[in-house]
Amino acid sequence: MPASPTAVVNLSSRLHAAEPPDETLFATIASQLETRGYAICPAALPAAVSDSLLAALAAGEGEFAPAAIGRGDDAQRNRFVRRDTIYWLDGAQPHAAAWRQWCEALRLYLNRRLFLGLFSFESHLAHYAPGDFYKRHRDAFRGESNRLLSVVGYLNRGWQPDDGGELVIYPDDDQAAGELLRVTPSFASLVVFLSEEFPHEVLPAARDRYSVAGWFRLNSSIGGQIDPPR
Ligand code: OGA
Ligand code: MN
């Protein structure tokens, strides 16, 4: 059945209500991904996105809880690997709408420009209390997960160099190879990287540290069952 005229009007006015996506930023992310496999964009998250996520934090909108790591969760082991608490943004939170829309626009852009075949998206807010860390890890393992691309945005105003809490990215698993780069979690900075390629860790910080992390996934549906996130 064709959509009713009212539905069409509603949809188009809703599409135009949001800011048009910043294709210059998306183009920068795409070319950095293409040449190096990661993109670093300081102060890049649109204000509508970062401000609404801050509002979610200020409103105490979600229950932050310790994360599970993989299957067969073991609380002791978890606390050794990561100390942050997280809050999944499943789409029901009004304050996460701008973030999800922005990620959706990025997904469509990257699919068009790099033929990535990104299919679905999942994301969470993370709180690292002073001293919290996330030890060196990868977001995906070849053949085990369909997370292809990781995106992290930072929500910390006035971050100082000695506040710590950097995201350290490593070139590979060779411990002797040293660090590839460190990212300061300053307000609205963005990092995008290939999930399987780069081990990374979050260093302890001297103050509360907030980030939003998301993963674009490939479609690995089997037998007509749409691949469920997480
Ligand atoms: C993660 C992660 C990085 C950060 O949640 O998997 O690596 O800087 N986060 O918060
Ligand atoms: Mn990670």
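Anything mentioned here points back to the structure above.
Residues numbered from 1 in each chain as written. Chains lettered and ligands numbered in written order. Predicted model: local features only at pLDDT ≥ 70, side-chain atom pairs only at ≥ 80, totals over all residues. Heavy atoms only, no water.

K.L.:
Hey, could you run me through the pattern of salt bridges in this one?
P.N.:
Opposite charge on two side chains lets them pair, provided their charged atoms get close. Scanning the model with the defined rule gives 10 salt bridges in all. With a shortest N-O distance of 3.0 Å, Arg 147 and Glu 122 are connected by a salt bridge. Here Glu 122 lies in strand S4 (residues 120–128) and Arg 147 lies in strand S6 (residues 147–154), a separation of 25 residues in the sequence. The closest approach of N and O atoms between Glu 179 and Arg 182, which form a salt bridge, is 2.9 Å. Note on Glu 179: relative accessible area 39%, which makes it partly exposed. Arg 182 sits in the partly exposed class, given a relative accessible area of 44%. One salt-bridge network, in which partners are shared between bridges, spans Glu 122, Arg 147 and Arg 217. (Salt bridge = Lys/Arg side-chain N within 4 Å of Asp/Glu carboxyl O. Helix = DSSP H or I, 4+ residues; strand = E, 2+ residues; numbered from the N terminus. Buried < 20%, exposed > 50% of the residue type's maximum accessible area, 1.4 Å probe, protein only.)

K.L.:
Looking at this structure, how should I read the site of ligand 1?
P.N.:
Neighbouring ligand 1 are 13 residues, the closest being Asp 139, Tyr 154, His 200, Arg 209 and Ser 211. At 3.2 Å from an oxygen atom of ligand 1 is found a side-chain nitrogen or oxygen belonging to His 137. Here Asp 139 contributes a side-chain N or O atom positioned 3.2 Å from an oxygen atom of ligand 1. Protein coverage of the free-state accessible area of ligand 1, which is 290 Å², stands at 98%. Those elements that place two or more of their residues in the shell around ligand 1 are S4, strand S5 (134–137), S6, strand S10 (200–202) and strand S11 (209–217). In terms of residue count, the dominant contributor to the shell around ligand 1 is S11 (three residues). Among the residues making up the shell around ligand 1, the classes are represented as seven nonpolar, four polar and two charged. (Near = heavy atom within 4 Å. Polar contact = N/O pair within 3.5 Å; in protein donor to acceptor, adjacent residues only side chain to side chain. Areas by Shrake-Rupley, 256 points an atom, 1.4 Å probe, with all protein chains shown as cover. Nonpolar A, V, L, I, M, F, W, Y, C, P; charged D, E, K, R; others polar.)

K.L.:
Would you mind showing me how to read the sheet that holds strand S8 (residues 181–183) here?
P.N.:
Remark on secondary structure: sheet strands pair via backbone hydrogen bonds, oriented parallel or antiparallel. Spatially, the four strands line up as an open sheet ordered S5-S10-S7-S8, and their pairing is antiparallel. Among the strands making up the open sheet, the edge pair consists of S5 and S8. Within the sheet, the average angular offset between the axes of one strand and its neighbour, ignoring direction, is 15°. Relative to S8, strand S7 (residues 167–169) is paired through three bridges, and the arrangement is antiparallel. Bridge pairing in S8 places Val 168 opposite Arg 182. (Pairing = 2+ DSSP bridges. Axes fitted to C-alpha atoms, helices over the stretch in contact; angles between N-to-C directions.)

K.L.:
Would you explain the pairing of strand S3 (residues 85–88) in this entry?
P.N.:
A regular strand places its side chains so that they alternate between the two faces of the sheet. In terms of strand pairing, strand S2 (residues 65–66) meets S3 through two bridges, oriented antiparallel. Within S3, the residue paired with Pro 66 across the bridge is Thr 85. Sheet topology places S3 next to S4; four bridges connect them, and they run antiparallel. Within S4, the position partnered with Tyr 87 by the bridge is Leu 125.

K.L.:
So what exactly am I meant to see when it comes to the nonpolar core here?
P.N.:
Within soluble globular proteins, side chains that are nonpolar tend to cluster in buried spots. If you look at the biggest cluster of nonpolar residues, it comprises 35 residues, and the most contacted ones within it are Ile 29, Trp 99, Trp 102, Leu 110 and Leu 190. Breaking this core down by element, the ones donating at least two residues are helix H2 (23–36), strand S1 (38–41), helix H3 (47–58), helix H5 (97–114), S4, S6, strand S9 (190–194) and S11. In terms of residue count, H5 provides more of this core than any other element does, eight residues in total. Those residues in contact with Trp 102 that lie beyond four places of it in its chain are Leu 25, Phe 26, Ile 29, Leu 45, Pro 46, Val 49 and Leu 190. Of all hydrophobic cores here, the second largest spans 19 residues; its members include Tyr 38, Ile 86, Val 152 and Ile 169. (Core = buried A, V, L, I, M, F, W, Y, C linked by side-chain atoms within 4.5 Å. Contact = heavy atoms within 4.5 Å.)

Everything listed is a geometric property; what it means functionally is a separate question.
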